[in-house]
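# Structure at a glance
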Amino acid sequence: MLQLTEDLAATFARIALGHVGREYPNKLDQVLNGESELAGPRALHPVFYGSFDWHSSVHSHWLLARVLRRFPAGPQAPAIHAWLDQALTDEQVSGELAYLARPGAGGFERPYGWAWLLMLQAELEAHETAAGLRWATALRPLARAFEARFLGWLPKATYPVRVGTHGSSAFAVALAWRYAPHAADPGFGPTLAAAARRWFEADADARPFEPSGADFLSPTLMEAECLRLVSPADAFSAWFARFLPRLADGEPAQLFTPPTVSDRADGQIAHLDGLSLSRAWCWRHLSEAAPAAFRPRLEAAAETHLAAALPHLADHYMGEHWLASFALLALK
């Protein structure tokens, strides 16, 4: 199986470094309460102003932090260190917190951006260098703010959002789960787990309608990966057998077939490369929890999806500003 090498990691980091400081083009996500709130991306978001949109900037910073931790002597390490050092400061994080305090910003980036911010914080907490500790400390107040938003939202989220795009409840829980050991509230992890089980444990014999024309996540596999994370191994194995009972026969077939990407300059169609990468991520993890007889098929599906998308990470800015993060998710 394809693994993360120093060369691949350096390629991912080079791509991310090319856009984390690129302010335009930019797609803002905001509710305006008046003309006084009109401003450019960098004024609104002192840390996460680049990479086309806020959440892509967040997960591009995650990519940089992860590559630096995995390959601290890699060729991109000095540039990553310099970037994170100027980006993750108390003053600039305060600017991000000020944006969250605006009237009308309560739903800003829910849940996708929330989850990626917590994923970034979890990665920084894993750094053991003085610089990593400094960055984690600077960003922690913002992570605590999103932790609190999750805790306020999940108990009233009666129904999951079962989509292959930013609203995915399963994807948000799966990312936020990585942050749970670092949460201020010891109930954070149990709250995530309770929501996932409430939403998904009764599901069985999935008949997926995917891909849609804008998916970058598999609603089916993402649900399974979410429950894998929050469930005891035996309970998950029993659920997984009920949820996808025909895996041994390569069914549902559409989950094993990479999507066709007809126009990588179209931002929505370009999402489909992300679907290949996120499916590869899910298949790799799910193969480890599947019966041994199924594993070669699931591992092969992961490789097939990786091969379909990896050559296209920087074909056009509509994919370049985010796809490398999903490639990194898919590789160990």
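None of the values given here were measured: they were computed from a predicted structure.

## Details of the environment of Thr260
Mapped onto the elements of the fold, Thr260 is located in the loop between helix H11 (233-243) and helix H12 (271-289). What makes Thr260 exposed here is its relative accessible area of 68%. Placed 36 residues apart in sequence, Thr260 and Pro296 show a C-alpha to C-alpha distance of 24 Å.

## Focus: the packing of aromatic side chains
In this structure the tally under the stated criterion is 25 aromatic pairs. Aromatic side chains Phe48 and Trp54 sit 5.5 Å apart centroid to centroid with 80° between the ring planes, which places their arrangement in the edge-to-face category. Take Phe48: its relative accessible area is 1%, and that puts it in the buried class. Seen in terms of ring centroids, Trp322 and Phe326 are 5.3 Å apart; in terms of plane orientation they differ by 85°. Their pairing is edge-to-face. As far as the burial class goes, Trp322 and Phe326 line up, both buried. Every member of this aromatic cluster is reached through a ring pair, and the members are Phe48, Trp54, Tyr99, Phe108, Trp114, Phe146, Phe150, Trp153, Tyr179 and Phe188. Over the aromatic face of Tyr317 sits the side chain of Arg22, whose NZ or CZ is 3.9 Å from the ring centroid.

## Quick look at the layout of surface pockets
Here the largest pocket is characterised by a volume of approximately 390 Å³. Lining the largest pocket are 22 residues, and of these Lys27, Asp53, His55, His166 and His271 lie nearest its centre. Per element, the largest residue contribution to the lining of the largest pocket is three residues, and it comes from helix H3 (residues 54-70). Of the residues contributing to the lining of the largest pocket, the split by class is seven nonpolar, 10 polar and five charged. Estimated volume of the second largest pocket: approximately 290 Å³. Mapped onto the lining of the second largest pocket, the elements with two or more residues apiece are H3, helix H6 (112-125), H12 and helix H15 (323-330). Looking at side-chain class alone, the lining of the second largest pocket contains nine nonpolar, two polar and six charged residues.

Thresholds applied
- Residues numbered from 1 in each chain as written.
- Predicted model: local features only at pLDDT ≥ 70, side-chain atom pairs only at ≥ 80, totals over all residues.
- Heavy atoms only, no water.
- Helix = DSSP H or I, 4+ residues; strand = E, 2+ residues; numbered from the N terminus.
- Buried < 20%, exposed > 50% of the residue type's maximum accessible area, 1.4 Å probe, protein only.
- Phe/Tyr/Trp six-rings, centres within 6.5 Å; stacked < 30°, edge-to-face > 60°.
- Lys NZ or Arg CZ within 6 Å of the ring centre and 35° of its normal.
- 1 Å grid on protein atoms, 1.4 Å probe; cavity = no way out; pocket = protein on both sides within 12 Å on 5 of 7 lines; lining within 4 Å.
- Points joined across faces, edges and corners; volume = space filled by probe spheres on them.
- Nonpolar A, V, L, I, M, F, W, Y, C, P; charged D, E, K, R; others polar.

The values reported here are purely geometric and, on their own, carry no functional implication.
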